[in-house]
Amino acid sequence: MNNLRNKFVVTIFGIACFVLGAFVADENFFINATDVQHAQKLIGINFTQSETDSMLPLLNDQLKNIENMRKVELPNSVPPAYNFNPIPIAKHSVKFKTI
């Protein structure tokens, strides 16, 4: 009986932490040198301190770009792009068929 009660308390505590975490989450998240060091371990490469300092502004810019892309609402009715051609339309010498 006591074991069941302990499991129940731990489960309720876990759910409460999860729910409260949504309200306490930091809205101004940014990448710092510690995050880069952790990523180095996962990827298996090493950066010098100057390389890490140089990449931080770029990484945070990319993070902002990703956050902006996530703000765009894209309903399921929008079909995926089947044909990608990076050449500008005026530069085409041959017409391509779209599938």
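Residues numbered from 1 in each chain as written. Predicted model: local features only at pLDDT ≥ 70, side-chain atom pairs only at ≥ 80, totals over all residues. Heavy atoms only, no water.

Here's the deal with the overall build of the protein
Check the secondary structure of the protein and you find three helices and zero strands. For the protein, the α and β elements follow one another from N to C terminus as α-α-α. Scored against the burial criterion, the 99 residues of the protein give a buried share of 8%. For the protein, the accessible surface area stands at approximately 9,700 Å², while carbon and sulfur atoms represent 64% of it. (Helix = DSSP H or I, 4+ residues; strand = E, 2+ residues; numbered from the N terminus. Buried < 20%, exposed > 50% of the residue type's maximum accessible area, 1.4 Å probe, protein only. Areas by Shrake-Rupley, 256 points an atom, 1.4 Å probe, with all protein chains shown as cover.)

Re the side chain of N60
In this fold, N60 is placed in helix α3 (residues 49-71). With residues up to four places along the chain from it excluded, the contact list for N60 reads F30 and I31. (Contact = heavy atoms within 4.5 Å.)

Some remarks on α3
Its 23 residues place the ends of α3 33 Å apart at the C-alpha level, agreeing with the 33 Å of an ideal helix rising 1.5 Å per residue. Taken as a whole, α3 carries its principal kink of about 35° at L56; the proline P57 stands between one and four residues after it. What α3 keeps buried is the set T52, M55, L56, N60 and L63. Residues of α3 that are buried make contact with α2 (33-43). (Expected span 1.5 Å × (residues − 1). Bend = angle between axes of the 7 residues up to and from the residue.)

Observations regarding α2
Taken together, the buried positions of α2 are occupied by A33, V36 and Q40. In an axial view of α2, the angular spread of the buried residues amounts to 55°, which keeps them on one side of the axis. Exposed residues lying more than 90 degrees from the buried face of α2 are K41 and L42. Contact partners of the buried residues in α2: α3. Its side-chain oxygen 3.2 Å from the backbone nitrogen of T34, N32 forms the N-cap of α2. Two residues or fewer past α2, G44 is found with a positive phi of approximately 90°. (Arc of directions from axis to C-beta. Polar contact = N/O pair within 3.5 Å; in protein donor to acceptor, adjacent residues only side chain to side chain.)

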